[in-house]
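Okay, here's what each chain looks like letter by letter:
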Amino acid sequence: MWFLSKVLPCVALVSARHVLLPRNETGMSKLTLSGPASLPMDATLPLNPALASFSIETAFFEEYIGNQTIPNTLSRNLFLNLKERTGVPAEVRIGGITADSTFWDPNQEAALYNFIDSTGALRNTTLGPQFWNSVKLLPEGTKIVMTLDLESLNYTGALDMAEAAWTSLGSRQISRFEIGNEPDQYYLNLDAQKYTATWEPWSVNISKALGINYPEFQVGATAIDPLWPYNTPQADAQFDCVSALAAGANDGHTVTTCSEHTYQYSVCDPTRTAVATLTNLVSCRLFIATVNCNKNLGESHTLGSVSHSFCCDHGTLIPSRYLDLWQPRIHSVRAQLGPDAFVIGEFNSVSCSGRANVSNTFGQAMWLLDTTLYAASINVSRMYVHQGGPLALQSSTQLNHGGLSLYNLWYPVDNQNGPIQVFPSYLAYLFVTEAIGHSRSLRLSNIFPGRQVNGSSVTTAGGDPSAGQISVYGFWDENSANILDYPTKLALLNLEIYNHTDSYPRPNITIDISAYLPKKTQQVMVRRLTSPGADVLSANITTWAGQTFASGAAEGHIVEEKAYNGQVILEASSAALVYW
C-alpha cells in the first residue's frame, strides 16, 4: 500500500537543502540551491518525448486542422514547431464531450458535419471518409488517440467508427482507442462495475474485429477529482482508472494506458467562477483539500457541489499541490500496466472553456509550464491540453457561449471570441519540448521546493518559504558525460504575479544554481520565456528565447544569455531554461 497521506499534514524533510534570503515581507531576493547535484531518488524514468500533447474536441477538429482543400497552415506550423524540437510530434487525442455524440457515415461527402438545433445547441457530429484525410494533415508520425461513443450504448456504432479509423489510419497512426469521454458524468449513473461490464467486452470484441492482438485501449477518461483523504471507503468507491481495473477492465488484456482529466478551476457555475482568477491560477498553485469533500466537476460537468477550495488561505486545511491528489492512482496504474501507463488525457486551466483575461494570458503560459513539468515529475507520461469551444449542453449555468474556448493555445479560424491568433500559452509548450530535446534518456525531478518523504511536494506550511512562487526542475541525462552526478539543464520558474499594468518595478530573484554545476564557476546558457506581464494577452510581445511565434513561425533572432558563477536572475512572471 502506498501511503501518500501518512505524513502529508505536518512533515517536511527537504527545506534545509536550500537557503532563502528575504527581500521584504512579501518576497525574497535570493534563493541558493544547495543540492546534492546527483540524480534524486524520486526522479522520473526517461521522459516521453510527447509529454506536451493535445486533446482536440471532435466537433472542432476540422476547424483546427482544416481539410484537404483548405488545410489550416497556422495549426500545421505550430505543431511542426514542437516536432522540430523533439523529433517526435505531439500526440493528438480526438475526443471530448462531443465524442459521445459522434457517429460514422460512410456515405457522407463532408469530412465533418455538426448538427446544431434551433437554440444554437450542438446536438451531434457525423464524420465521413474525408475526415481521415484531415487527420493526415497533422505532421508525419503524429499518433492519434481516437475516442469512441460509449454513452449511446451502441456497440455497432462504436465498432463502425473504430473500423473506419483503423482502415484509414492503421496502427502506424492510431496509438490507442478510448471508449467514452468522462463516463463518470453520464446520465447512466455508471460506477466502476457497470462501466467495466460494458467497456471490457467492447474492447475485446473491437480488438478481435480489427485483428488486434495486443493492448490498444485507453481506459478511464474520468473527470471527478480524487477525494481526500484517499484511503477511505468513500474514496475507494469512486469511479476512476484504479477502480475500473479492479473491476476487471483489463481482464481481456486490452488496456495499455489509463487516462484521467484535470481542470483546476471552472466557470461552469457562478460559485466556481468567482475564484477562477488570474492571481489564483498563477500564484496559488497550492491545493487546499477539505476533509468532507464532495465531487468537483470537470470540463463536461453540469451541476454539483464543489469539493476543493482553490485559494491561498492555508487555515487549518491540508495543503498539497492539486495534482498530488492523483499520486496514489498514478502509483497503482504504473504498478499494474507499466511506467508509461498513466496519462492526463484532457486538461486545462478553467473548465467550461476558460475565462477571459485568465486563460488567454501569459499567466496561463506560466501555469501550463509548471503544471506540465510537475505532472511529469510525479510520473504522468503525457499531458493532453484540451482545445475546443463552449458547448451549450455542457452546463446550464456556464459563463461562456459560442465561439472557440478562451483557454485554447491558438485560434485557427476567426470566431466570435476573436480573430485568428496565437496565445501566449503556446510558448510554454515550446519551452517543454526544447527542454526535452532529442534525448530519449532524460530524467526529471522537482528540486525546489522538492518533496516530503511521502512523495508530495513541500508546501508553505511544510517548508517552502517562497509560498509556492518558485519552482526549479532538474533534467539528468543517462547518456551524458557526467552520467547522473549532475543535471544537464535546469528549468527555473518564478510564478510571482507581475502585470504589465503594475506601476512598481518588476521584482526579480537571483537563483544560485552553482551546487548543480560540474564546475561551480562555469559559464551557463540561458533561454527565457517572458512577456511584459502575466496579464498580457498577445503572443506578439511574448517571447521564447527572444523569438515570437504569433504568425506560427519563429520571428526574430534567438537570444541566449550567458550567466556566470551559477547566478541566474529571474523576473517575476517568467521562466528560464538553463543548460551547459
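Now for a quick tour of the structure. Just so it is clear, the structure is predicted and the values come from calculations on it, not from any experiment. (Residues numbered from 1 in each chain as written. Predicted model: local features only at pLDDT ≥ 70, side-chain atom pairs only at ≥ 80, totals over all residues. Heavy atoms only, no water.)

**Overview of the overall build of the chain**
Here is step 1: Each helix and strand counted, the chain has 12 helices and 27 strands in total.
Here is step 2: Counting only residues that meet the buried cut, the chain has 62% of its 580 residues in that class.
Here is step 3: A fraction of 77% describes how many contacts in the chain between residues 6 or more apart in sequence connect residues 24 or more apart.
Here is step 4: Accessible surface, the chain: about 20700 Å² in total, of which carbon and sulfur atoms supply 53%. (Helix = DSSP H or I, 4+ residues; strand = E, 2+ residues; numbered from the N terminus. Buried < 20%, exposed > 50% of the residue type's maximum accessible area, 1.4 Å probe, protein only. Contact = heavy atoms within 4.5 Å. Areas by Shrake-Rupley, 256 points an atom, 1.4 Å probe, with all protein chains shown as cover.)

**So, the pairing of strand β15 (residues 342–351)**
Every other side chain in a regular strand lies on the same face of the sheet, so the side chains alternate between the two faces.
Here is step 1: Summarising burial for β15: 10 of the 10 residues are buried, a large majority.
Here is step 2: In the sheet, strand β11 (residues 255–266) pairs with β15 via eight bridges, with the strands oriented parallel. Looking at β15, one finds that Ser-266 is bridged to Ser-351.
Here is step 3: With two bridges connecting them, β15 and strand β16 (residues 383–387) associate as parallel partners. Paired with Phe-347 across the bridge in β16 is Val-385.
Here is step 4: You can see the chain leave β15, run along helix α11 (residues 362–377) and come back into β16, and the turn it takes is right-handed. (Pairing = 2+ DSSP bridges. Right-handed = clockwise from strand over helix to strand, strands pointing away.)

**Side note on the nonpolar core**
Here is step 1: Residues Met-146, Phe-177, Trp-410, Tyr-426 and Tyr-429 are the most contacted members of the largest nonpolar core, which totals 120 residues.
Here is step 2: No other element matches α11, which puts 10 residues into this core.
Here is step 3: When sequence neighbours within four positions are dropped, the list of residues in contact with Tyr-426 reads Leu-78, Asn-81, Leu-82, Leu-409, Trp-410 and Phe-549.
Here is step 4: Core analysis: the second largest hydrophobic core is formed by 25 residues, Leu-31, Ile-509, Val-524 and Leu-570 among them. (Core = buried A, V, L, I, M, F, W, Y, C linked by side-chain atoms within 4.5 Å.)

**A few points about the sheet that holds strand β7 (residues 122–127)**
Hydrogen bonds between backbone groups are what pair the strands of a sheet, and the pairing can be parallel or antiparallel.
Here is step 1: Overall, mixed pairing links the three strands, which are arranged β5-β7-β6 in an open sheet. The open sheet has two edge strands with one neighbour each: β5 (102–104) and β6 (112–116). Each strand of the sheet is rotated relative to its neighbour by a mean of 25°, with strand direction disregarded.
Here is step 2: Where β5 and β7 come together, three bridges link them in parallel fashion. Within the sheet, the bridge partner assigned to Trp-104 lies in β7 and is Leu-127.
Here is step 3: Those strands touched by helix α4 (residues 155–173) are β5 and β7, and its axis lies near 65° from that of β5. (Axes fitted to C-alpha atoms, helices over the stretch in contact; angles between N-to-C directions.)

**Notes on the packing of α11 against helix α12 (residues 426–436)**
Here is step 1: Two elements in contact, α11 and α12, have axes whose closest approach is 7 Å; the angle formed by their N-to-C orientations is 35°. In this structure, the crossing between α11 and α12 has a hand that is right-handed. When α11 is examined against α12, the residues Ala-365, Leu-368, Leu-369, Thr-372 and Leu-373 are found in contact with a partner set consisting of Ala-428, Tyr-429, Phe-431 and Val-432.
Here is step 2: Residue composition of the contact of α11 with α12, by class: eight nonpolar, one polar and no charged. (Left-handed = near helix turned anticlockwise from the far one by under 90°. Nonpolar A, V, L, I, M, F, W, Y, C, P; charged D, E, K, R; others polar.)

**Considerations on unusual backbone geometry**
Here is step 1: Put simply, Trp-228 and Pro-229 share a cis peptide bond, and its omega is 0°.
Here is step 2: Residue Pro-449 is reached from Phe-448 by a cis peptide bond, and omega for that bond is 5°.
Here is step 3: Position of Pro-449 among the secondary structure elements: in the loop between β19 (442–448) and β20 (470–477).
Here is step 4: Even without being glycine, Leu-153 reaches a positive phi, approximately 55°.
Here is step 5: Assignment of secondary structure puts Leu-153 in the loop between β8 (144–148) and α4.
Here is step 6: Located in the positive-phi region is Ala-221, a residue other than glycine, with phi close to 60°.
Here is step 7: As for its placement among the helices and strands, Ala-221 is situated in strand β10 (residues 217–222).

**Things to note about the pattern of salt bridges**
If charged atoms from side chains of opposite charge come close, those side chains can pair.
Here is step 1: This structure, assessed with the given rule, holds 15 salt bridges.
Here is step 2: Residues Arg-528 and Glu-561 are paired through a salt bridge, measuring 2.8 Å at the closest nitrogen-oxygen approach. One end of the pair, Arg-528, is in strand β23 (residues 524–530); the other, Glu-561, is in strand β25 (residues 561–563), and 33 residues separate them in sequence.
Here is step 3: Through salt bridges with shared partners, a single network forms among Arg-85, Glu-434, Arg-527 and Glu-560. (Salt bridge = Lys/Arg side-chain N within 4 Å of Asp/Glu carboxyl O.)

**Quick notes on the packing of aromatic side chains**
Here is step 1: If you walk through the whole model with that rule in mind, you get 22 aromatic pairs.
Here is step 2: Judged by centre distance (5.9 Å) and plane angle (35°), the ring pair of Trp-104 and Trp-132 falls under tilted. Here Trp-104 is found in strand β5, whereas its partner Trp-132 is found in helix α3 (residues 131–135), with 28 residues between them in sequence.
Here is step 3: Look at Tyr-155 and Trp-202: their rings are 5.6 Å apart centre to centre, the planes differ by 65°, and that puts the pair in the edge-to-face class. Taken as a pair, Tyr-155 in helix α4 and Trp-202 in helix α5 (residues 192–210) lie far apart in primary sequence, 47 residues in all.
Here is step 4: Look at Tyr-155 and you get partly exposed, because its relative accessible area is 22%.
Here is step 5: Three or more aromatic residues link up through ring pairs in this structure, and these residues are Phe-54, Tyr-64, Phe-79, Trp-410, Tyr-426 and Tyr-429. (Phe/Tyr/Trp six-rings, centres within 6.5 Å; stacked < 30°, edge-to-face > 60°.)

**Quick look at the state of the cysteines**
Here, the word disulfide means a covalent bond between the sulfur atoms of two cysteines.
Here is step 1: Using the criterion set out here, one finds one disulfide in the structure.
Here is step 2: Each sulfur of the disulfide joining Cys-268 and Cys-352 lies 2.0 Å from the other. Judged by the sign of its S-S torsion, about 100°, the cystine formed by Cys-268 and Cys-352 is right-handed. Pair noted here: Cys-268 is in the loop between β11 and α8 (270–273) and Cys-352 is in the loop between β15 and α11, with a separation of 84 residues, a long-range link. (Disulfide = S-S within 2.5 Å.)

**A look at the sheet that holds β15**
Here is step 1: Judged by pairing direction, the barrel is parallel, and its eight strands sit side by side in the order β3-β4-β8-β9-β10-β11-β15-β16 before closing back on the first. Along the sheet, successive strands turn relative to each other by an average axial angle of 25°, direction set aside.
Here is step 2: In the sheet, β8 pairs with strand β9 (residues 174–179) via five bridges, with the strands oriented parallel. Paired with Leu-148 across the two strands is Ile-179, which belongs to β9.
Here is step 3: The strands touched by α11 are β11, β15 and β16; relative to β15, the strand with the most contacts, the crossing angle is about 160°.

**Section: the packing of α4 against α5**
The axes of two packed helices give the description: the angle between them and the distance between them.
Here is step 1: The geometry of α4 relative to α5 is characterised by a closest axis approach of 10 Å and an angle of 40° between their N-to-C directions. In terms of axis orientation, α4 runs oblique to α5. α5 is crossed by α4, and the crossing has right-handed handedness. Across from Tyr-155, Ala-158, Leu-159, Ala-162, Glu-163 and Trp-166 in α4, the residues of α5 making contact are Trp-202, Asn-205, Ile-206, Ala-209 and Leu-210. (Parallel < 35°, antiparallel > 145°, perpendicular 65-115°, else oblique.)

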